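Descriptive analysis of the structure
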Amino acid sequence: MTRKSRSETLDKIGVGLIYRVGSTALYKKVFKYWYPLMTRRLAGKEDVVFLNWGYEEDPPMGLPLDESDEPNRYSIQLYHQTATQVDISGKDVLEVSCGHGGGASYLTRTRHPASYTALDFNPAGIDFCKKRHELPDLKFVQGDAQDLPFPDESFDAVINVEASHIYPDFERFLAEVARVLRPGGHFLYADFRNRDAFVAWEAALTKPPLRLVSKRVIDTEVVRGLQKNSPRSTEIINGYLPAFARRFGREFAVVDGSLFYKDLERGDISYRTYCFTKD
């Protein structure tokens, strides 16, 4: 299949809404139609608390987990890999675009921040989080990643996992991260882009007043995590989504053999983690 015909196929099933990043109109459609649909379909499903991809090393990472966390091992390992680039214990932490709150819950329980504020654009998702994750020092807030509802220098760390590719103004988001971080604070970041966006992505990351501490390309580990997690993702999709939405669901979850999975495997998509600090 040529790149053009593949793009046309993606458009037909709606995946193009996410794949062609950077369009305000597409961003609005994703959050107006697909993401709320996913949240409504999954609301009340207590086990669906992660919407991000996965991560696994070779040999296996072997992250110690509680029995209740084990089903979400590969998504948790991606969060852990991103958020533990620095020690967040005793810190005031903000997570931007928290999804169903699984990462916020895991990090609050295991890394012991002084406070953890988790923000998401989707009101239905925040309602789900408030009911599902009741923990001391964990707070969920509805808000916009590009207009964070917090004063300057409010947080010691900002975490953002696999969300910025659908922000219509990525540079505005980065400026907001720099604004709410305290001096000496850290931006702990993980996301992907398709090949055509690599240069613009890296250029944007140099613009805010943040200093790069470390960067890793984790394509191989993410492919391995997705492969390991595919049986569970497929079971959830088939169990919770109507038949007409399952094809889109498989692309959204990036199961083994999906178009996103294949593009990541051959390098047309790159997944990276970063750590920045505010001097």
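Residues numbered from 1 in each chain as written. Predicted model: local features only at pLDDT ≥ 70, side-chain atom pairs only at ≥ 80, totals over all residues. Heavy atoms only, no water.

Within strand β4 (residues 155-161), 6 of the 7 residues are buried, which leaves the element mostly enclosed by the surrounding structure. Relative to β4, strand β1 (residues 92-96) is paired through 3 bridges, and the arrangement is parallel. Bridged to Val 93 within β4 is Ala 157. Of the strand pairs in this sheet, β4 and strand β5 (residues 181-194) are connected by 6 bridges, and their pairing is parallel. Of the residues in β5, the one forming a bridge with Asn 160 is Tyr 189. Crossover β4 to β5 through helix α7 (residues 170-180) is right-handed. (Buried < 20%, exposed > 50% of the residue type's maximum accessible area, 1.4 Å probe, protein only. Helix = DSSP H or I, 4+ residues; strand = E, 2+ residues; numbered from the N terminus. Pairing = 2+ DSSP bridges. Right-handed = clockwise from strand over helix to strand, strands pointing away.)

Residue placement: Glu 56 occurs in the loop between α3 (24-42) and α4 (73-83). Of the side chains with opposite charge, Arg 73 comes closest to the buried, unpaired Glu 56, at an N-O distance of 5.7 Å. With sequence-adjacent residues up to four places away left out, Glu 56 is seen in contact with Met 61, Tyr 74, Gln 77, Glu 221, Arg 224 and Gly 225. (Lys, Arg positive; Asp, Glu negative; His and termini not counted. Salt bridge = Lys/Arg side-chain N within 4 Å of Asp/Glu carboxyl O. Contact = heavy atoms within 4.5 Å.)

By the secondary structure assignment, Pro 136 is in the loop between α6 (123-132) and β3 (138-142). Accessibility expressed as a relative area gives 64% for Pro 136, which makes it exposed. Distance from Pro 136 to Ser 115, taken between C-alpha atoms, is 8.5 Å for residues 21 residues apart in sequence.

The next point concerns the packing of helix α9 (residues 219-240) against helix α10 (residues 246-253). Between α9 and α10, whose axes approach to 10 Å, the crossing angle comes to 150 degrees. One way to sum up the angle between α9 and α10 is to call them roughly antiparallel. For the crossing formed where α9 meets α10, the hand is right-handed. Contact residues: Leu 226, Ser 233, Ile 237 and Asn 238 in α9; Arg 246, Gly 249, Arg 250 and Ala 253 in α10. In the contact of α9 with α10, the residues fall into 3 nonpolar, 3 polar and 2 charged. (Axes fitted to C-alpha atoms, helices over the stretch in contact; angles between N-to-C directions. Parallel < 35°, antiparallel > 145°, perpendicular 65-115°, else oblique. Left-handed = near helix turned anticlockwise from the far one by under 90°. Nonpolar A, V, L, I, M, F, W, Y, C, P; charged D, E, K, R; others polar.)

Of all the residues in α7, the buried ones are Phe 170, Phe 173, Leu 174, Glu 176, Val 177, Ala 178 and Val 180. On the buried face of α7, the contacting elements are β1, β4, β5 and α8 (198-205).

Put simply, the protein chain has an average pLDDT of 86, and 83% of its residues get 70 or more. When the criterion is pLDDT under 50, residues 1-28 qualifies, and its contacts beyond four places in sequence or with other chains add up to 47 contacts. (pLDDT = per-residue confidence, 0-100.)

Moving on, we get to the packing of aromatic side chains. Tallied over the entire structure, the rule returns 15 aromatic pairs. Put simply, the rings of Tyr 167, Phe 170, Phe 173, Phe 187, Tyr 189, Trp 201, Tyr 274 and Phe 276 pair up and form one aromatic cluster. The ring of Phe 170 carries the charged tip of Arg 193 above its face, separated from the ring centre by 4.9 Å. Between Arg 272 and the ring centre of Phe 198, over which it is positioned, the NZ or CZ distance is 4.8 Å. (Phe/Tyr/Trp six-rings, centres within 6.5 Å; stacked < 30°, edge-to-face > 60°. Lys NZ or Arg CZ within 6 Å of the ring centre and 35° of its normal.)

This part is about helix α5 (residues 102-111). Structural remark: α-helix, 3.6 residues per turn; residues separated by three or four positions point the same way. Within α5, 7 of the 10 residues are buried, which leaves the element mostly enclosed by the surrounding structure. Where α5 is buried, its residues touch α4, β1, β2 (115-120), β3 and β4. Two residues or fewer after α5 comes His 112, characterised by a positive phi angle close to 55 degrees.

The next point concerns the pattern of salt bridges. Oppositely charged side chains are able to pair whenever their charged atoms sit close together. Applying the stated criterion to the full structure yields 15 salt bridges. Where Lys 207 meets Glu 171, a salt bridge forms, and the shortest distance between an N and an O atom there is 3.0 Å. Taken together, the residues Lys 207 in the loop between α8 and β6 (211-217) and Glu 171 in helix α7 connect sequence positions 36 residues apart. Taking the relative accessible area as the measure of exposure, Glu 171 reaches 39% and is therefore partly exposed. Lys 215 is the partner of Glu 202 in a salt bridge, and the nearest nitrogen-oxygen pair spans 3.1 Å. Here Glu 202, found in helix α8, pairs with Lys 215, found in strand β6; they are 13 residues apart in sequence, far enough to count as distant. A residue is classified by how much of its surface remains accessible, and Glu 202, at 24% relative accessible area, is partly exposed. Judged by its relative accessible area of 41%, Lys 215 is partly exposed. Look at the salt bridges and you will find they share partners, linking Arg 195, Asp 263, Arg 266 and Asp 268 into a network.

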